[in-house]
Every structure is written in structure tokens, then in C-alpha cells.
Amino acid sequence: METTIEKIIKLLLVFTVVAAGFLYWLLPKTKLARHFKMNETLFIVTNIIGMICGIVGLVVTFLFPQFIIELHLWELIVTPFALIYIYWRLIMRIRKNTEIVDEKQDYNMTRAGAITMAFSIPAMVIMFILYYNRIFNGPIWFPYYFFVTLLVFSASTLFLFRKA
Amino acid sequence: MKLGNNLRRCRFDKDEISQQALAAIVGVTRQTILSIEKGKFVPSTLLALKLAKFFNKSVEDIFYIIEDEKAEK
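These notes cover the structure that comes with them. (Residues numbered from 1 in each chain as written. Chains lettered and ligands numbered in written order. Predicted model: local features only at pLDDT ≥ 70, side-chain atom pairs only at ≥ 80, totals over all residues. Heavy atoms only, no water.)

### Points about the overall build of chain B
Scanning chain B for helices and strands turns up six helices and two strands. Listing every helix and strand of chain B by position from the N terminus yields β-α-α-α-α-α-β-α. Its C-alpha atoms give chain B a radius of gyration of 13 Å, near enough to 11 Å, the size a compact globule of 73 residues would have. Considering only C-alpha atoms, chain B reaches an extent of 40 × 20 × 20 Å along its principal axes. Relative to its 73 residues, chain B shows a buried fraction of 38%. For chain B, the exposed surface amounts to about 4,800 Å²; the carbon and sulfur share of it is 50%. Taken together, the 13 basic and 10 acidic charged side chains of chain B have centroids lying 7 Å from each other. (Helix = DSSP H or I, 4+ residues; strand = E, 2+ residues; numbered from the N terminus. Rg over C-alpha atoms; globule rule 2.2 N^0.38 Å. Buried < 20%, exposed > 50% of the residue type's maximum accessible area, 1.4 Å probe, protein only. Areas by Shrake-Rupley, 256 points an atom, 1.4 Å probe, with all protein chains shown as cover. Lys, Arg positive; Asp, Glu negative; His and termini not counted. Charge placed at Lys NZ, Arg CZ, Asp CG, Glu CD.)

The following block contains the structure:
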């Protein structure tokens with residue numbers, strides 16, 4: 001049976017998805033479209049939001065493992081990052097160009113992807129040990145994996161980008 | 001081998017144009033220009049040509065190869 005909190009979270013998520021979809025359809029047709037462009041600040045903010053979502057997600061995963069999936073908390077936590085990603089897609093759509101990041105940002109993201117992949121292996125070994133010792137059970141590995149990769153990818157992208 | 005550059009010198013010769021302004025002209029971020037100047041990032045051929053075109057110089061005037069000491073021996 002759905003709890004009140006679960007209903008509120010679901011409603012919030014549905015409203016966010018519908019509103020984001022509507023704005024994604026509407027905004028390119030308005031005069032506001034010319035103000036939407038990619039810049040260094042947006043790139044940095046995206047990665048900071050990714051890091052915050054990753055940290056919050058991991059904290060909630062470890063503190064409330066029984067609720068993170070049941071109450072759709074992980075979707076709620078990742079919403080800010082998802083919204084900023086939709087904003088990136090919106091810029092791509094308006095500019096009619098998928099290459100909105102510059103070559104250094106692209107290079108940094110590629111390297112961050114490799115770092116994340118390498119990091120995810122020991123991270124999942126830790127999760128396996130926790131499962132093996134019955135500290136965790138159920139599908140908790142998924143939000144853990146998701147938030148670990150989000151945190152490591154965002155943090156390493158930001159670090160590599162800022163390292164001149 | 002490493003890629004050296006005279007980008008900073010070129011900027012100062014060109015009315016001391018800022019990294020931010022140069023970045024906007026060639027369509028990259030300021031951080032990219034900074035990284036190229038410090039030799040931490042190797043630009044693509046396209047970006048090198050864009051920079052050369054802006055400074056009205058050849059690519060070789062801006063970028064040059066720093067031979068590795070071990071390779072020289």
C-alpha cells in the first residue's frame with residue numbers, strides 16, 4: 001500500500017517530468033531561446049550538481065537502504081541533475097548542434113569516464129562484500145552503483161577541467 | 001616530445017587580448033586557452049588553425065615541438 005510520502009514523491013516526479021517535457025517542447029519556439037547557450041559556468045555547475053546528487057544519494061542509500069527504492073527517493077535525488085541534463089539537450093536542440101562542449105571539456109569527460117569505469121570495479125567489490133556478509137540485501141546495489149558513478153564522474157570531470 | 005607554444009606572447013602582441021576574449025573568438029572556454037598556454041592540453045588541428053588565423057600567423061609560428069632530451073641522445 002502506498003504511503004502518503006510515496007504519493008507525494010510520485011506526484012512531484014510526475015509533475016517535474018511533465019513540466020520539463022512541456023518546457024523542452026515550448027522554449028525553442030519562444031524568444032527566450034536565443035539566451036540559451038552553453039558556457040563554462042554551466043559546465044562547472046552541472047558537475048557540482050552531479051557531485052552533490054552523488055553524495056546525497058550515497059548518504060541516503062547507506063542511511064535508509066529500505067526506503068531509497070521503495071519511496072522513489074533515488075529518482076527524487078537525481079532530479080536536479082536530470083533537469084540540468086535536459087537543459088543541455090535543450091541547448092543542443094536550439095543550436096541544432098550536439099557539440100556544445102569544447103574539445104578540452106570533451107577530452108576531460110572522456111578521461112573522467114575511464115576513471116569512473118576503473119573506480120566502479122573496486123566500488124562494486126565493496127558492495128559484493130557487504131551483500132556477502134548480509135549487511136545489505138535486495139536491489140540496493142543499483143542506487144549505490146548509480147550514485148558512485150555519478151559522484152566519481154562529476155568530481156573527476158570537474159577536477160580535470162579545473163586543472164589547467 | 002612535447003608541444004610548446006607562443007600563445008601568451010601572441011596575445012600580448014595582439015593588443016593584450018585576454019584569454020576570455022580569445023576563447024570567445026575561437027569558440028572554446030577560457031580554461032582551454034589557459035591549459036594550452038601552460039602546455040597541459042594539446043589543441044586539435046582545427047583549433048590550432050583557428051588560433052593561427054586569428055593571429056594572422058602560421059601554425060608553426062604559434063606551436064612548436066620540444067624535443068625530448070632522451071630522444072636527442
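### A word on the interface of chain B and chain A
Listed as interface residues are 15 residues of chain B and, on the opposing side, 10 residues of chain A. Summing both partners gives a buried area of about 970 Å² for chain B against chain A, and 54% of it is carried by carbon and sulfur. The largest per-residue losses of area from chain B upon contact with chain A belong to Thr29, Gln31 and Phe41 of chain B, which jointly make up 56% of the total buried on that side. Applying the counting rule to chain B against chain A returns six residue pairs in polar contact (both at pLDDT 80 or more). (Contact = heavy atoms within 4.5 Å. Buried area = accessible area lost by both parts, 1.4 Å probe. Polar contact = N/O pair within 3.5 Å; in protein donor to acceptor, adjacent residues only side chain to side chain.)

### So, the pattern of salt bridges
Per the stated rule, a full pass over the model turns up four salt bridges over all chains. Between glutamate 6 of chain A and lysine 10 of chain A there is a salt bridge; the shortest N-O distance is 3.9 Å. Remark: lysine 10 of chain A and glutamate 6 of chain A occur in helix H1 (residues 4-26); sequence separation between them is four residues, near one turn of the helix. Note that arginine 9 of chain B is salt-bridged to aspartate 13 of chain B, the shortest N-O span being 3.9 Å. Of this pair, arginine 9 of chain B and aspartate 13 of chain B both sit in helix H1 (residues 7-13), four residues apart, roughly one helical turn. Through salt bridges with shared partners, a single ionic network connects Arg8, Arg11 and Glu37 of chain B. (Salt bridge = Lys/Arg side-chain N within 4 Å of Asp/Glu carboxyl O.)

### Brief notes about the side chain of glutamine 31 of chain B
Along the polypeptide, glutamine 31 of chain B turns up in helix H3 (residues 30-37). If we ignore the near neighbours within four places in the chain, the residues touching glutamine 31 of chain B are Glu40, Lys104, Phe161, Arg162, Lys163 and Ala164 of chain A.

### Some remarks on the packing of helix H2 (residues 40-63) of chain A against helix H3 (residues 73-95) of chain A
How two helices sit against one another is set out by the angle between their axes and by the gap between those axes. Residue and element names in this part refer to chain A. Across the interface, H2 lies against H3 with an axial gap of 8 Å and an inter-helix angle of 165 degrees. The angle between H2 and H3 places the two elements in the roughly antiparallel class. In this structure, H2 meets H3 at a crossing whose hand is left-handed. Contact residues: Leu42, Phe43, Val45, Thr46, Ile49, Gly50, Cys53, Val56, Gly57 and Val60 in H2; Leu73, Ile77, Pro80, Phe81, Ile84, Tyr87, Trp88 and Ile91 in H3. Of the residues in the contact of H2 with H3, the class split is 15 nonpolar, three polar and no charged. (Axes fitted to C-alpha atoms, helices over the stretch in contact; angles between N-to-C directions. Parallel < 35°, antiparallel > 145°, perpendicular 65-115°, else oblique. Left-handed = near helix turned anticlockwise from the far one by under 90°. Nonpolar A, V, L, I, M, F, W, Y, C, P; charged D, E, K, R; others polar.)

### Some thoughts on the environment of phenylalanine 67 of chain A
All names here are of chain A. With respect to the helices and strands, phenylalanine 67 occurs in the loop between H2 and H3. The exposure class of phenylalanine 67 is partly exposed, given its relative accessible area of 33%. If sequence neighbours within four positions are ignored, phenylalanine 67 has contacts with His72 and Leu73.

### Looking at the nonpolar core
Residue and element names in this part refer to chain A. Ranked by internal contacts, the top residues of the largest apolar core, which has 22 residues, are Leu58, Ile68, Leu73, Met127, Tyr144, Phe147 and Val148. Of all the secondary-structure elements, those providing two or more residues to this core are H1, H2, H3, helix H4 (103-132) and helix H5 (141-162). Looking at this core, the element that brings in the most residues is H5, giving six residues. Discounting chain neighbours no more than four positions away, the residues touching leucine 58 are Tyr144, Phe147, Val148 and Leu151. (Core = buried A, V, L, I, M, F, W, Y, C linked by side-chain atoms within 4.5 Å.)

In short, the description is geometric, and any link to function would need to be established separately.
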